[in-house]
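Report on the structure
Listed here are the chains, written in short residue letters.
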Protein chains: 2
Amino acid sequence: MTDDQRSAGAPTLEDVARAAGVSRATVSRVVNGVRNVDPVIQEAVRQAVSVTGYTPNRAARSLVTRRADAIALVVSGAGVEPEAARGDSGTGASGEEDGGSGGSGSFTAQVFADPFFGRVVTGVVDYLRPRGMHPVLMFAETSRAREEVVAYLRQGSADGALVVSTHAEDPLPALIADAGLAAVLFARPARPVPVSYVDLAHQDGARLAADHLLGRGCRRIATISGPLDVPAGEARLTGFRDTMARHGHPYIPIAEGQFTQESGESAMERLLAEHPDLDGVFAANDLMALGACHVLREHGRSIPGDVAVVGFDDSSAALACRPPLTTVRQPVEGMAAEMTRLLLDRLARPDGPVTSVIFEPELVVRGSA
Amino acid sequence: MTDDQRSAGAPTLEDVARAAGVSRATVSRVVNGVRNVDPVIQEAVRQAVSVTGYTPNRAARSLVTRRADAIALVVSGAGVEPEAARGDSGTGASGEEDGGSGGSGSFTAQVFADPFFGRVVTGVVDYLRPRGMHPVLMFAETSRAREEVVAYLRQGSADGALVVSTHAEDPLPALIADAGLAAVLFARPARPVPVSYVDLAHQDGARLAADHLLGRGCRRIATISGPLDVPAGEARLTGFRDTMARHGHPYIPIAEGQFTQESGESAMERLLAEHPDLDGVFAANDLMALGACHVLREHGRSIPGDVAVVGFDDSSAALACRPPLTTVRQPVEGMAAEMTRLLLDRLARPDGPVTSVIFEPELVVRGSA
DNA sequence: GTGAAAGCGCTAACAT
DNA sequence: ATGTTAGCGCTTTCAC
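Residues numbered from 1 in each chain as written. Chains lettered and ligands numbered in written order. Predicted model: local features only at pLDDT ≥ 70, side-chain atom pairs only at ≥ 80, totals over all residues. Heavy atoms only, no water.

1. Thoughts on the sheet that holds strand β8 (residues 280-283) of chain A
All names here are of chain A. Taken in spatial order, the 6 strands of this open sheet run β7-β6-β8-β9-β10-β12, and their pairing is mixed. Looking at which strands have only one partner, the edges of the open sheet turn out to be β7 (254-256) and β12 (362-364). Adjacent strand axes in the sheet meet at a mean angle of 20 degrees, parallel and antiparallel pairs treated alike. The sheet contact formed by β8 and strand β9 (residues 308-313) spans 3 bridges and is parallel. Counterpart to valine 281 in the pairing with β9 is valine 309. Those strands touched by helix α9 (residues 202-215) are β6 (221-225), β8, β9, β10 (326-329) and β12, and its axis lies near 165 degrees from that of β9. (Pairing = 2+ DSSP bridges. Helix = DSSP H or I, 4+ residues; strand = E, 2+ residues; numbered from the N terminus. Axes fitted to C-alpha atoms, helices over the stretch in contact; angles between N-to-C directions. Contact = heavy atoms within 4.5 Å.)

Written out as structure tokens, the structure is:
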């Protein structure tokens, strides 16, 4: 109860040492759980710690340990209008700059409009928390922002990065690798980079969808693909098309979407206009499937009676849909947790092997197909 | 082009100073943009910086400046089953512990199931980014987790906290205030705490909804409230009820929900069972309104023909609904940005006044009412 | 305008 | 098993 601390600042190791009548080193040992400390002294130190209200100063610790005990969670990719080379843009500049802030059109807003990212955050946080760590959230959709991420890591603010790319040609993974920094990716990069990643067997997932649609008797099947410059979008289309071809449907109607509900709606409109008789649709994610369902119903089609719909992801959108979506489950939380585990492993053993993990998708049958 | 750096580690101020032929102090001045440095030397130093590839070490800087240049974004509140005092729980303990991880039932997962949080993150990040800062994401649903948040701030890992409480009796704001730490809250705390906050005029929002429903001719109106132990839930109900009373409807059917789609569905079922003739519903958030719409349609009611539905928030759920929801817009991104601004202000002037900001909601008319 | 030197709070040899 | 000591890389008086 004696309030020994008189200096203004927070109590330091020195203060605790004085209170306990030992040296700084001993207090440090106790605080960090290093053995070789007399139990009696340990107890005395613990007393002193709680009496003084001591908390280790993170900066001082980081300075000497050279670890930040923090990791960055980076959402990377191109912003709105990746290669917007319209001739009418007045200001020349280097093409991409940080746009307006706060508006619902910002990259950040776009990102979180997809339930996918919330699930990634969930997986990462749930893995990190029991280990006393917390992620620093960063976005990197411009080259300037990417430089900042690299600088952030270089200055030791974080020990490594978890990178979720929204775009195939994302240069960030290579930048990080070149700088010799630790990272793990969500999804395999377009061009090989010596970095671990977790990914889903997208093609297998698409096959599950195709098999299901065919299995329930659909014969005029179309698909709403994701953006084809995103590996996941491309793989899901390929997997779907291959399976359909193998079953005697070499040509299937395709409408490309952008993984958004709105793009799913317009893709469905297009498909319906050209193929009014279709009886099955595979959308490359749930958000687009949800949009497709709206359009189908507006056109008087019952689901799954007239048209069966299969989505992908098993995100919250699958349950927001009526009927609830039959979909291909992507275990995003588990994948994000694994990604985090890989990074922490890497930090613990920097020379360990670069290993990646591929998850298998699973069909979840609900009402829409 | 001369590669001077020979020591293994990253280049330090010392290295740059040597390369530029000046002292560490001068390099520091240049790097930090302090005036009183000869332009010629400035240039020389800048050269040396880029030649050596120097990046300031954050820990060393923090140690002396006593600022982390980081802030925490904390989602606080009770986890699943706030006061789960069922007698059948085997392990006694203090009631709340960290549950399983990764599962979709975790607190983290619950939080991000609501589009609301993604919008908060968006607003915070978009405000922080141009200022070169990034938020550290933390969750605090158990008393242990709350202690960790306080410890995190006390050890200087972050300069302050942005706190979003999901629960009225959340003790975190008081804990932070008592520890003399900087914070700004999203939503006014249940019991007064000397901390700034941003909030919405919930009652005004509910009034807009009531006026709209009455204005379009609805006469048998019910409401699906939010959890009444959450200030926002309580205020929206009060505002709605008061307005209805003022217009001659002192008693209106109420079903309490939990701000989730599912709870909105069951609430709607209950209302419909007791009041099959209702022609208007106000749901205290969009997720519940979405659930209500599903149930109404399953019961053969057309929207807005038979029953008009008004939601609250103007979240992504409003557009995921068919017809799209007429709703009360809460400018979450703007509120989050303002919250961040208040915190940064506070950090810049610790003795400044504690001011809070209340935002006005706005009715967005779409198809559902 | 610039350099020298002190020291932020901590950990990790090394010595005892 | 414990204490002594030397920095980690940076900012910041204080002299010059």
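2. Some remarks on the packing of helix α9 (residues 202-215) of chain B against helix α10 (residues 231-246) of chain B
All names here are of chain B. Direction vectors running N to C along α9 and α10 enclose 40 degrees, while the axes themselves pass 7 Å from each other. The angle between the axes of α9 and α10 places the two elements in the oblique class. Note on packing geometry: the crossing formed by α9 with α10 is right-handed. Facing α9, whose interface residues are His202, Gln203, Ala206, Arg207, Ala209, Ala210, Asp211, Leu213 and Leu214, α10 presents Ala232, Ala235, Arg236, Thr238, Gly239, Phe240, Asp242, Thr243, Met244 and Arg246. Considered class by class, the residues forming the contact of α9 with α10 number 9 nonpolar, 5 polar and 5 charged. (Parallel < 35°, antiparallel > 145°, perpendicular 65-115°, else oblique. Left-handed = near helix turned anticlockwise from the far one by under 90°. Nonpolar A, V, L, I, M, F, W, Y, C, P; charged D, E, K, R; others polar.)

3. Remarks on the protein's contact with DNA strand C
Inspection of the region around DNA strand C gives 29 residues, with Leu13 and Tyr54 of chain A together with Thr26, Ile41 and Arg66 of chain B positioned closest. A breakdown of the atoms of DNA strand C within 4 Å of the protein gives sugar and phosphate a share of 67%. Separating a phosphate oxygen of DNA strand C from a side-chain N or O atom of asparagine 32 of chain A is a distance of 3.1 Å. At a separation of 2.4 Å, a phosphate oxygen of DNA strand C approaches a polar side-chain atom of tyrosine 54 of chain A. Contributions of two or more residues to the surface near DNA strand C are made by α2 (24-31) and α4 (58-65) of chain A together with α2 (24-31) and α4 (58-65) of chain B. With 5 residues, the single largest contributor to the surface near DNA strand C is α4 of chain A. A class-by-class count of the residues in the surface near DNA strand C yields 13 nonpolar, 9 polar and 7 charged. (Near = heavy atom within 4 Å. Polar contact = N/O pair within 3.5 Å; in protein donor to acceptor, adjacent residues only side chain to side chain.)

4. Details of the pairing of strand β3 (residues 160-165) of chain A
All names here are of chain A. Counting buried positions along β3 gives 5 out of 6 residues, so the element sits mostly inside the fold. When strand β1 (residues 71-76) meets β3, the two strands line up parallel, connected through 6 bridges. Looking across to β3, one finds that serine 76 is bridged to serine 165. The pairing of β3 with strand β4 (residues 183-186) spans 4 bridges and is parallel. Bridged to leucine 162 within β4 is valine 184. Note on the crossover from β3 through helix α8 (residues 172-178) to β4: the handedness is right-handed. (Buried < 20%, exposed > 50% of the residue type's maximum accessible area, 1.4 Å probe, protein only. Right-handed = clockwise from strand over helix to strand, strands pointing away.)

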